[in-house]
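Examining the three-dimensional arrangement
Spelled out, the chains give:
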Amino acid sequence: MNRTYKIQRKLMVQIAELERIGMQRDTSLNWERIHSVSCSRSGYFLALERGVDAELAAIACSVHDYGRIITGKQLGHAEAGYEPLRRFLMESGHLGREEVESIAQAARNHSRKGETGTPIEEIVKDADVLECYWYGIAIEKDEYKRRLDRLQGRFRQIA
Ligand SMILES: [Fe+2]
């Protein structure tokens, strides 16, 4: 089993644990499951297209909302996830320190859709916006719209 699946499985086990405990949440755990797996797939293909490490991108996308998953809160979830995600990834034993840092940083910065970050960070942000679009979630913020326009422009060029 590759590292993406191993880490996703660890995340799914944790989500199941949170489900057993039960808590007030801004988003359902079922949405977190779908969003994690689906973003991971989108990130993988965006990375292939951009010549970025696709495995790292897929892992980063699958855990980018870790902060919201463990706290249940949308507000400030990207920053809140940074430290706990570093621990989660280190404990997985599947990633080196630099890989952990790169993924945790991408998760911490993923809500800043108007800013340009590392290639992995950009893939997380783009995959996030694409998923919202594909699942019919309203895209209201200007920086999200700009990102989606840019992505769709690229898709038109490729097609
Ligand atoms: Fe998020």
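Every value quoted in this text rests on a predicted model; they were computed, and no experiment measured them.

Rules used in this analysis
- Residues numbered from 1 in each chain as written.
- Predicted model: local features only at pLDDT ≥ 70, side-chain atom pairs only at ≥ 80, totals over all residues.
- Heavy atoms only, no water.
- Helix = DSSP H or I, 4+ residues; strand = E, 2+ residues; numbered from the N terminus.
- Rg over C-alpha atoms; globule rule 2.2 N^0.38 Å.
- Contact = heavy atoms within 4.5 Å.
- Buried < 20%, exposed > 50% of the residue type's maximum accessible area, 1.4 Å probe, protein only.
- Salt bridge = Lys/Arg side-chain N within 4 Å of Asp/Glu carboxyl O.
- Patch = residues over 30% accessible without salt bridge, like charges linked within 9 Å, V, L, I, M, F, W, Y side chains within 5 Å.
- Areas by Shrake-Rupley, 256 points an atom, 1.4 Å probe, with all protein chains shown as cover.
- Donors = N, O, S within 2.8 Å, 3.2 Å for Na, K, Ca; no water.
- Phe/Tyr/Trp six-rings, centres within 6.5 Å; stacked < 30°, edge-to-face > 60°.
- Axes fitted to C-alpha atoms, helices over the stretch in contact; angles between N-to-C directions.
- Parallel < 35°, antiparallel > 145°, perpendicular 65-115°, else oblique.
- Left-handed = near helix turned anticlockwise from the far one by under 90°.
- Nonpolar A, V, L, I, M, F, W, Y, C, P; charged D, E, K, R; others polar.

**What to know about the overall build of the chain**
What the chain contains, in helices and strands, is nine helices and zero strands. Counted from the first residue to the last, the chain has its helices and strands arranged as α-α-α-α-α-α-α-α-α. On C-alpha atoms alone, the chain measures out to a radius of gyration of 15 Å, which is about the 15 Å that the 2.2 N^0.38 rule sets for 159 residues. Counting only C-alpha atoms, the chain reaches 45 × 35 × 25 Å along its principal axes. Relative to all contacts within the chain whose residues are 6 or more apart in sequence, the contacts with residues 24 or more apart total 62%.

**Structural notes on the environment of Ile-139**
Within the fold, Ile-139 resides in the loop between helix H8 (119–134) and helix H9 (142–158). Residue classification places Ile-139 among the buried positions, given a relative accessible area of 17%. Not counting chain neighbours up to four residues away, the residues in contact with Ile-139 comprise Val-129, Cys-132, Tyr-133, Tyr-144, Lys-145 and Leu-148.

**A short note on the pattern of salt bridges**
Going through the model one piece at a time under the given rule, you end up with 14 salt bridges. Taking the shortest distance from any N to any O, the salt bridge between Arg-3 and Glu-55 comes out at 2.9 Å. Of the two residues, Arg-3 is situated in helix H1 (residues 3–21) and Glu-55 in helix H3 (residues 54–63); the sequence distance between them amounts to 52 residues. A relative accessible area of 21% means that Arg-3 is categorised as partly exposed. A salt bridge links Glu-122 to Lys-125, with the nearest nitrogen and oxygen atoms 3.5 Å apart. Here Lys-125 and Glu-122 lie together in helix H8, a separation of three residues that amounts to about one turn. A relative accessible area of 10% means that Glu-122 is categorised as buried.

**Description of a nonpolar patch on the surface**
Residues Ile-34, Tyr-133, Trp-134, Tyr-135, Ile-137 and Phe-155 make up a contiguous nonpolar surface patch of roughly 570 Å² in combined accessible area. In this fold, Ile-34 is placed in helix H2 (residues 29–50).

**Examining the coordination of the iron ion**
Protein coordination of the iron ion is provided by Asp-65 (OD), His-77 (NE2) and His-110 (NE2), with donor distances spanning 2.0 to 2.2 Å. Read in sequence order, the donor residues coordinating the iron ion give the pattern D-x11-H-x32-H. Separated by 12 residues along the polypeptide, Asp-65 in the loop between H3 and helix H4 (66–71) and His-77 in helix H5 (residues 77–80) bring together distant segments of the chain. Looking at His-77, the relative accessible area reads 4%, which means it is buried.

**A few points about the packing of aromatic side chains**
One pass over the full model with this rule turns up three aromatic pairs. Aromatic side chains Trp-31 and Tyr-135 sit 5.5 Å apart centroid to centroid with 80 degrees between the ring planes, which places their arrangement in the edge-to-face category. On the criterion of sequence distance, the pair formed by Trp-31 in helix H2 and Tyr-135 in the loop between H8 and H9 is long-range, its members being 104 residues apart. On the basis of an interplanar angle of 85 degrees and a centroid distance of 5.4 Å, the ring pair of Tyr-44 and Phe-45 is categorised as edge-to-face. Given the relative accessible area of 36%, Tyr-44 is considered partly exposed. For Phe-45, a relative accessible area of 52% corresponds to the exposed category.

**What to know about the packing of H1 against helix H6 (residues 82–92)**
Their axes nearest at 10 Å, the elements H1 and H6 cross at an angle of 120 degrees. With respect to their mutual orientation, H1 and H6 come out oblique. Relative to H6, H1 is oriented so that their crossing is right-handed. The segment H1 lies against H6, with Ile-7, Lys-10, Leu-11 and Gln-14 engaging Phe-88, Leu-89, Glu-91 and Ser-92. Looking at the contact of H1 with H6 residue by residue, the classes come out as four nonpolar, two polar and two charged.

In short, shape yes, function no, at least from these values alone.
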